[in-house]
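# Per-entry structural report
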Amino acid sequence: MGEKILMKGNEALAEGAIRAGCRFFAGYPITPQNEVPEYMSWRLPDSGGTFIQAESEVAAINMIYGAAATGIRAMTSSSSPGISLKQEGISYCAGADLPFFYANVVRGGPGLGNIAAAQGDYNQSTRGGGHGDYRVFVMAPNSVDEMANFPKRCYEVAEKYRVPSMVLADGILGQMMEPVEFAFEPVDPAKLAPKDWELGVNNGRAKRVVKSYDLREGELEKLNVKRMARYKKIEQDEVLFEAKQCGDADLVIVAYGTSSRIAASAMKMARDKGMKVGLFRPITLWPFPKKALADLAAKAKKFLVVEMSMGQFVDDVRLAVCGKVEVDLYARPAGIPSGEEVFAVVEKTYRGIAAASKPAAKGQKQAARRGRPKGSKNKAAKKPVKRGRPAKPGKGGRR
Amino acid sequence: MGEKILMKGNEALAEGAIRAGCRFFAGYPITPQNEVPEYMSWRLPDSGGTFIQAESEVAAINMIYGAAATGIRAMTSSSSPGISLKQEGISYCAGADLPFFYANVVRGGPGLGNIAAAQGDYNQSTRGGGHGDYRVFVMAPNSVDEMANFPKRCYEVAEKYRVPSMVLADGILGQMMEPVEFAFEPVDPAKLAPKDWELGVNNGRAKRVVKSYDLREGELEKLNVKRMARYKKIEQDEVLFEAKQCGDADLVIVAYGTSSRIAASAMKMARDKGMKVGLFRPITLWPFPKKALADLAAKAKKFLVVEMSMGQFVDDVRLAVCGKVEVDLYARPAGIPSGEEVFAVVEKTYRGIAAASKPAAKGQKQAARRGRPKGSKNKAAKKPVKRGRPAKPGKGGRR
Amino acid sequence: MPEIKVNETLCKGCELCTTACPQKCIVMSEKFSITGYYPAKLGKADCCTGCGLCSQICPDLAIEVYK
Amino acid sequence: MPEIKVNETLCKGCELCTTACPQKCIVMSEKFSITGYYPAKLGKADCCTGCGLCSQICPDLAIEVYK
Amino acid sequence: MQLINKRTTGLVDVPLRYCPGCGHGIVHRLVGECLDELKIRERTVGVAPVGCAVFADEYFNCDMIQGPHGRGPAIATGIKRSKPDCVVFSYQGDGDLASIGMAETIHSAARSENITIIFINNAIYGMTGGQMAPTTLMGQKATTCPRGRDPKANGYPIRVCELLKSLDGAYYLERTAVNTAANVIKTKKAIKKAFQNQLDCKGFSLVEVLSMCPTNWGTTPLEGLKFVSEKMMPMYPLGVFKAPEAPAAPAQEGGAK
Amino acid sequence: MQLINKRTTGLVDVPLRYCPGCGHGIVHRLVGECLDELKIRERTVGVAPVGCAVFADEYFNCDMIQGPHGRGPAIATGIKRSKPDCVVFSYQGDGDLASIGMAETIHSAARSENITIIFINNAIYGMTGGQMAPTTLMGQKATTCPRGRDPKANGYPIRVCELLKSLDGAYYLERTAVNTAANVIKTKKAIKKAFQNQLDCKGFSLVEVLSMCPTNWGTTPLEGLKFVSEKMMPMYPLGVFKAPEAPAAPAQEGGAK
Amino acid sequence: MYQGIRISGFGGQGVISAGILLAQAGLLEGKHVSWFPAYGAEMRGGTANCSVVIASDEVSSPVVSRPDTVIVMNEPSLAKFEPLVRPGGLLIVNSSLVNSKPQRTDITVVAVPCNKIAEEVGTTKIANMVALGAFAGATGAVSVEGITKALSKVFKRAKPEMLEMNAKALQRGAAAAK
Amino acid sequence: MYQGIRISGFGGQGVISAGILLAQAGLLEGKHVSWFPAYGAEMRGGTANCSVVIASDEVSSPVVSRPDTVIVMNEPSLAKFEPLVRPGGLLIVNSSLVNSKPQRTDITVVAVPCNKIAEEVGTTKIANMVALGAFAGATGAVSVEGITKALSKVFKRAKPEMLEMNAKALQRGAAAAK
Ligand SMILES: Cc1ncc(C[n+]2csc(CCOP(=O)(O)OP(=O)(O)O)c2C)c(N)n1
Ligand SMILES: Cc1ncc(C[n+]2csc(CCOP(=O)(O)OP(=O)(O)O)c2C)c(N)n1
Ligand code: SF4
Ligand code: SF4
Ligand code: SF4
Ligand code: SF4
Ligand code: SF4
Ligand code: SF4
Ligand SMILES: [Mg+2]
Ligand SMILES: [Mg+2]
């Protein structure tokens, strides 16, 4: 802690996971996340942990399935195509209620695509690319500092609710170097309480079973309903977001991860030109900050979604505001816009807002405003969230 | 053609694919779709085609990738966990613009789950469980007759737009027997025009390359943008749905596949009790019948979504109506409701509609009504669609 | 003298034990159990040597051998 | 007499050819090409037998052999 | 008069849901007895496959995990590396281990993971209803080769022990059968050895057991015994395929950089 | 005076983007020449891997397809079975073929698919920057085993030809190298044979080529040649591992039902 | 008209094909029909059962959870399916193999010694036909003739004498149920 | 204050580490900084380049598409990166290895014989340091001292005499740019 050190995103992610107590990593090389396994390959053994280069992503996620079942903090990482191969395993982990952490350092898709940064895996991450009803706790860092500090939060939420957790990054966040400050004391795995479900040496206790199936009629649904109740709780308690200058904003840019950095510079340009433009950044993509966005929708004249994909993220924004405000989309499928390009769209959109023409019924807005939990307003408006510190309660726009 | 024959859903699907010109099948056994590969294993060779039991679902989808690249009508099928394993390959097919057809005979999930019917793979099917920006043309039959007749339509759309296509079925549709009538003359593959992109013996012509990547800066995005234009076209021209007694309905049940059958019986019970209840069934899940639903939203007092999942399908319904009407959800995650159970919910919801309390602004409704393409009204209202006949133009609620 | 007891709720009437018995003293009963199988049983009382080979091949742990 | 011509835009200066030449008559130039490599070239004019072995091992199809 | 074959505590005391004459039950019992006799039941974690033996998580009286089809060796790797004090075994069928799980099988052997694998070769996909397995014999009928396996269309059967033999990391490989009482007893010896190897940190051990699936062979249980000896054994000879005295041969050194 | 080594028409006339001293370029040329000499270029479909040779789809002057990492044999199977008149080859690296693609490799061999596989063994993951491959040697350093490969942590290298040998479906297996002109010439013979086998419908043929990756070995191109002969060959001996005269041995007959 | 039927017995008692025959018969008589088997791991242990619906209207769910009629061919099936019968519904019991007596008083119970009758006709293998006959006789949802026609459709390659025998079994069953 | 820099040359010319040093120096001087490499398959063919941002404000995108300053260490890089320089921006050229002349007239061009100077200092290996010195001298975005401090941070295990030599190279570069 203390001094800021210059680190590469992928290495910060790996170091952050180890400091968060990760002692088992299995993965398979793929650009642009290779520095994660490479870093783990020497750092983990030196920390008394295990690193395995699996024969494939499928093998890697199944090693994680086994390791996580012993209660150890396990991690895997990959990039888009490799994450697709892990979907069956992720679904099994979710179905067996095994907490673990993984990272997708997204590249351009579909297919082999390219190795540049992209955001085309949003739906896969937030809606389960795997089969069946399940959710993954998804955090979207937009700095190397957050790459370093989010893994800890992911493990905490994952273990609290027994769900998979992930960091959704991209080639820029993985490859870039930035100053990093680890905002927490390293976790000593030995000090973590053993789980009452973990497999291992059972001196005399009843046998334990980790599984994701139940063939008895009606039983599987009961399991799923139980799990959905936990999901509800996560949606209530674990939302994180950042709102910059949204208080007086007529136009709110909504973006996450790398595109939120670029959008931020566009917002500055706009503010410099005196336009009332704000930026809303979901930090958790699931749970999605629905409430906070709905509240903003009641005040802003327009939303502009900026995403490095063809229009995936925008669905969640539209579901959140549900017609209360018009939501425009600037989509760049596997493209990385410049601040100038985004600003051009922002300016055009802003000019387009005819002061009066605000859609949706007053009635609804009232309802929405009434529905807003206290405190959220000044969070959304005044107090800009300090990034990368979700671990510290009270900050990070927690709900 | 002509006489109705009693067939099992999985066999009707396989026979339907062969009659639609399928001459290559690669798959791997999994309940509840085993009758598909089993049927193919003798029927395809007898039709001059190739059947391969692949070593895994991953191998199967990659055999399809190779076969489809030669221009042959290729097919694979599986059930939930197996489909998860195919996600990388499906993304590659989409990225390489290879048309092919596959079926997911969904079972309970997540994980190994169970082998009963479920609808938990909705998001995976409609939003790309694989990585990157891509779409799959998704048809949701709700009878064995549609299992038999949809593959042809899937191949036609897939080849017209060079996209993957699928039938999203479930354990009930795959295992049940019902009367079937093949509504088309068998397709002779020899009579299909060769594709100008297919690989093979090139007597002298320029070499062809099938690939899904472009590492040159900016090029991949251009490819994706081109593809998105085709997706737009599909959304305009290839939507299919069925509307039953929605004309005067205060409450519209929205359901697809098996749950739409069950919902239909609930609707009958309600109508018998004099309640104004209708049923809207999307036949294509992507493209989703947004317009038709938005139009209904302007007239109905409430929507009730019935799905055998925890609330996936409902997102598309809400995105379509975008606040114009309240959308309730009856979710059964890996559960199969009885007609009585659904009716109970329908009745409760119906009683709950206080005649006056209709949300959303008049303005919007007007707009929506004005926005409604001619003809769609009586389609949605009067003319109940004849099921399983999308091949016949004019019918099937085509847009 | 040595004998075997066949648990009728476990036995599935597969007859594997009959092939394993050197004394050929296992026979199948004529009436099926509630589980719907025709269970094995000791034929003549005095032929069993308690060698236990039948229980070695029994897939359902249905045979208890006494000696 | 036999000779080789090295295509400077293809040659990457890997020197593999030098090991393949029985006559040891391939040397590397001192000044790099625009591609940034020091290309190979024939040392003495009269030593090449045109055996073609250098072109066998050249990874970049950079050597033309004349005989 | 006393009971000389007390039921093993290695199995939970419930009826097995396998078909009459199925080999799984026999092997279950043998594994259970080995856990007892080696006194390792309380520190053993078993991996159940996807296959008829999916229910093994219910039957074996130790900690169990059931995971994705074919990935047992990867799951076992994750467990063993995380908790080395545990004894870890993976119980798999031929479709599970030799078809979809082939890569995981070979690489866990190549890594010489210190685990024990029980491989049930019944030349068929049991649970899913009799489809062709990689071990299905030439000419044998299955629901996905209804006219009998034909090399042109379906390829050749895979001999798993012979295949793994060339791997330096594979420490112990034996093929046995459960079609006779004598073979059952030999099988138990092999399984016990495979667990002992793990206790001795010898690395990867695999026992392939030729086993009956009368249901999907379309035979009676008794005919099933014959099928094993007359059809399977000629293609899959019994015996020890690998059992070095020393730990797995250290491979050729060679360090660049 | 005339040109005695006209550039093969089997390769497109563009510069190769491989590193200086990389073996891929040599093997590319040999494949191209075989397509020429066997006059099959116009009916050949090649499968490019994911790996440094991903660009092969650009270089080979025939129809090409590039697919998912490691699945070349499955893709080739789909093509060959759909268009039997085509000559189909899959060009793969060691990570591609022996790690993630292991199951596809073994099963395409077991099925005796009538395809040709060119397998470039450079004991490293080239494209991704020097991670450990299944073929990385004991003690060899890689970015994911920075202190050298250690059997305890990383397991043992896999000898692919030796591994495939036991499969009845594998018709032709040979290991060669491109570290000397003489070996290059032998390699071409092997590749030509592997294509000829396909023309003769003999089934699965694979040529494993020991190849240089100076960039990720951290050597000069010249040291790279030495690395092949001194480090790799002792572990991966050259030679023909399988080449029966008759078509692949028909396996044991055995038909239930 | 709506008839939801559940047929259950040991594997090998032909309950699956019996169900298909019913559906086929219904189809031939112009009804809407569906058939749905218990499948997969449920098979293990050797009991089989299936659902059949014969109706004048479109069939909603082919899974019959509250059957109008249940046909139990063996002992274990009685315990499992008797409770599901709709009040006022019908329970057909193969009294040859089922010893215990049904408990319900709110349903009609028809006991038919299917195996015995089948044996008299020729072979116990066709006990399932006797049961179908009983169903036709007791409900009239389909006719014995309908099922007989269905036989030749479903078993295309069956020998005439076999069809002969099946037909007789059907008639004997129908008679027994009246 | 905002400086977007692009550094390009052959692999082995140390452009990657030069970029890291710049970022580290900026960090030590209390600036917001980012570094971003061209990675992956782009490496093939042996040219390397990276982006560095040194700013008083938070850095938005680390990818510098319109650099304020470009440092080209070899011939091919000139062609590729000269066009990207922002009008009014700076182009530092390693004249030892770059023969052709820059075309742009709307930018400042500083030609420094980095290899030559480096050789004089001790070894051509540190030509990249000469270039960095030139950058510091020409822009003042970071100081030569800052880069010198950064050296010991980034190359923790470097021998003093080596750091010595690097420092000298930096100064010579700065001087050459003035
Ligand atoms: C990913 C995936 N693919 C396929 C299946 C379906 N499946 C279940 S068991 C099985 C094969 C069983 O055969 P085997 O492994 O030989 O075990 P056995 O039943 O014969 O003992 C298959 C294909 C699945 N559950 N998951
Ligand atoms: C599913 C998937 N996993 C991983 C990768 C990343 N990847 C690209 S090439 C490669 C390995 C290359 O090594 P090798 O096959 O030996 O080929 P080489 O470059 O050495 O010739 C990997 C892991 C990928 N593109 N897709
Ligand atoms: S114990 Fe031996 S002798 Fe007695 S029944 Fe069993 S096998 Fe026969
Ligand atoms: S072997 Fe066991 S199950 Fe089979 S018949 Fe004998 S006792 Fe019964
Ligand atoms: S082998 Fe080819 S590329 Fe290498 S130096 Fe010689 S000519 Fe140049
Ligand atoms: S052709 Fe033969 S002799 Fe001439 S340079 Fe090449 S290798 Fe040497
Ligand atoms: S199907 Fe075969 S393997 Fe499965 S339980 Fe029955 S006999 Fe055993
Ligand atoms: S990295 Fe290795 S394999 Fe790839 S091109 Fe360079 S030398 Fe060849
Ligand atoms: Mg099996
Ligand atoms: Mg390699």
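Residues numbered from 1 in each chain as written. Chains lettered and ligands numbered in written order. Predicted model: local features only at pLDDT ≥ 70, side-chain atom pairs only at ≥ 80, totals over all residues. Heavy atoms only, no water.

## Overview of the relation of the copies chain B and chain A
Overlay of chain B on chain A (RMSD 0.0 Å): rotation 180°, translation along the axis 0.0 Å. The operation mapping one copy onto its partner corresponds to a two-fold rotation axis. Distance from the rotation axis, computed per C-alpha, reaches its smallest value in chain B at B:Gly129: 1.8 Å. Both copies present the same face, since 100% of the interface residues in chain B are matched by interface residues at the equivalent positions in chain A. (Least-squares fit on C-alpha atoms with pLDDT ≥ 70 in both. Contact = heavy atoms within 4.5 Å.)

## A closer look at the pattern of salt bridges
Oppositely charged side chains may form a pair once their charged atoms are brought near each other. This structure, assessed with the given rule, holds 107 salt bridges over all chains. Between B:Lys232 and B:Glu235 there is a salt bridge, with its nearest N and O atoms 3.8 Å apart. Taken together, the residues B:Lys232 and B:Glu235, both in helix H9 (residues 219-237) and 3 residues apart, mark about one turn of the helix. Residue F:Arg29 pairs with F:Glu33 through a salt bridge whose shortest N-O separation is 3.0 Å. With F:Arg29 and F:Glu33 both in helix H1 (residues 23-37), this residue pair falls 4 residues apart, about one helical turn. (Salt bridge = Lys/Arg side-chain N within 4 Å of Asp/Glu carboxyl O. Helix = DSSP H or I, 4+ residues; strand = E, 2+ residues; numbered from the N terminus.)

## A word on the environment of A:Lys8
Position of A:Lys8 relative to the elements: it lies in strand E1 (residues 5-8). For the pair formed by A:Lys8 and A:Ala193, sequence separation is 185 residues and the distance between their alpha carbons is 32 Å. Excluding residues within four positions of it along the chain, A:Lys8 makes contact with A:Glu35, A:Val144, A:Gly174, A:Gln175, A:Met176, A:Met177, H:Trp35 and H:Pro37. Separated by 2.9 Å, the side chains of A:Lys8 and A:Gln175 make a polar contact. (Polar contact = N/O pair within 3.5 Å; in protein donor to acceptor, adjacent residues only side chain to side chain.)

## Re the site of ligand 8
Neighbouring ligand 8 are 12 residues; F:Cys19, F:Cys22, F:Cys52, F:Cys213 and F:Asn216 lie closest to it. Ligand 8 sits at a junction of chains, with neighbouring residues supplied by chains F and H. With 3 residues, helix H9 (residues 214-217) of chain F is the single largest residue contributor to the shell around ligand 8. The residue inventory of the shell around ligand 8, partitioned by class, reads 6 nonpolar, 5 polar and 1 charged. (Near = heavy atom within 4 Å. Nonpolar A, V, L, I, M, F, W, Y, C, P; charged D, E, K, R; others polar.)

## With respect to the site of ligand 4
Contacts to ligand 4 come from C:Cys11, C:Lys12, C:Gly13, C:Cys14, C:Glu15, C:Cys17, C:Met28, C:Ala40, C:Cys58, C:Pro59 and C:Ile63. The residue makeup of the shell around ligand 4, split by class, is 8 nonpolar, 1 polar and 2 charged.

## Observations concerning the coordination of the magnesium ion (ligand 9)
Residues and elements named next belong to chain E. The magnesium ion (ligand 9) binds to the protein through Asp94 (OD), Asn122 (OD1) and Ile124 (O), with metal-donor distances spanning 2.0 to 2.3 Å. Positions of the donor residues of the magnesium ion (ligand 9) along the chain correspond to the pattern D-x27-N-x1-I. Among the residues examined, asparagine 122 registers a relative accessible area of 8% and is labelled buried. Take isoleucine 124: its relative accessible area is 1%, and that puts it in the buried class. (Donors = N, O, S within 2.8 Å, 3.2 Å for Na, K, Ca; no water. Buried < 20%, exposed > 50% of the residue type's maximum accessible area, 1.4 Å probe, protein only.)

## So, the interface of chain E and chain A
With 35 residues of chain E at the interface, the matching set in chain A holds 35 residues. Roughly 2,600 Å² of surface becomes buried between chain E and chain A when both sides are summed, with 58% attributable to carbon and sulfur atoms. Where chain E packs against chain A, one counts 3 salt bridges. Where chain E packs against chain A, one counts 18 residue pairs in polar contact (both at pLDDT 80 or more). (Buried area = accessible area lost by both parts, 1.4 Å probe.)

## What about the interface of chain B and chain A?
With 57 residues of chain B in contact, the opposing surface of chain A contributes 57 residues. Taking both sides of the interface into account, the surface hidden between chain B and chain A amounts to around 4,700 Å²; carbon and sulfur atoms contribute 60%. The three residues of chain B that bury the most area against chain A are B:Pro110, B:Asp133 and B:Met310, which together make up 15% of that side's buried surface. Between chain B and chain A we count 4 salt bridges in total.

## Observations concerning unusual backbone geometry
The residue after A:Gly109, namely A:Pro110, is reached through a cis peptide bond having omega 0°. Tracing the chain through its elements places A:Pro110 in the loop between strand E5 (100-106) and helix H6 (122-127). Geometrically, the link from B:Thr31 to B:Pro32 is a cis peptide bond, its omega value of 5° lying close to zero. Mapping B:Pro32 onto the fold places it in the loop between strand E2 (24-27) and helix H2 (35-46). With a phi angle near 55°, B:Asp97 is a residue other than glycine that sits in the positive phi range. Here B:Asp97 shows up in the loop between helix H5 (87-95) and strand E5 (100-106). Judged by its relative accessible area of 13%, B:Asp97 falls in the buried class. One non-glycine residue, E:Ala123, adopts positive backbone phi at about 55°. Secondary-structure assignment places E:Ala123 in the loop between strand E4 (116-121) and helix H6 (151-154).

## What about the confidence of the model for chain E?
Here chain E shows a mean pLDDT of 95. Residues at 70 or above account for 95%. Across residues 246-257 of chain E, confidence stays below pLDDT 50; counting only partners more than four residues off in sequence or on other chains, it has 40 contacts. (pLDDT = per-residue confidence, 0-100.)

## Considering the pairing of strand E5 (residues 90-94) of chain G
Residue and element names in this part refer to chain G. In terms of burial, E5 is largely enclosed, as 5 of its 5 residues are buried. Burial along E5 is two-sided: Leu90, Ile92 and Asn94 facing one way and Leu91 and Val93 facing the other are all buried. Bridging between strand E4 (residues 69-72) and E5 involves 4 bridges; their strand directions are parallel. Residue pairing in the sheet places valine 72 in a bridge with valine 93 of E5. One crossover worth recording links E4 to the parallel E5 by way of helix H2 (residues 75-81), and it is right-handed. Sheet topology note: the E5/strand E6 (residues 108-112) ladder contains 5 bridges and is parallel. Within E6, the position partnered with leucine 91 by the bridge is valine 109. (Pairing = 2+ DSSP bridges. Right-handed = clockwise from strand over helix to strand, strands pointing away.)

## Comments concerning the arrangement of the chains
For the 16 pairs of chains in contact, the largest share of contacts goes to chains A and B. Taking C-alpha atoms only, the smallest gap left between chain A and chain D, which are not in contact, amounts to 25 Å. With no contact formed, the shortest span from any C-alpha in chain F to any C-alpha in chain G equals 16 Å.

## Overview of the sheet that holds E5(A)
Residues and elements named next belong to chain A. The sheet built from 7 strands is open, its strands ordered E3-E2-E4-E5-E7-E6-E13 with mixed pairing. A strand with exactly one partner marks an edge of an open sheet, and here the two such strands are strand E3 (50-53) and strand E13 (284-286). This sheet shows a mean twist of 20° between the axes of neighbouring strands, independent of strand direction. Where strand E2 (residues 24-27) lies against strand E4 (residues 74-78), 2 bridges are found, and the strand directions are parallel. Bridge pairing in E4 links phenylalanine 24 to alanine 74. Where helix H1 (residues 9-19) meets the sheet, its contacts fall on E4, E5 and strand E7 (164-170), and the angle it forms with E5 comes to roughly 175°. (Axes fitted to C-alpha atoms, helices over the stretch in contact; angles between N-to-C directions.)

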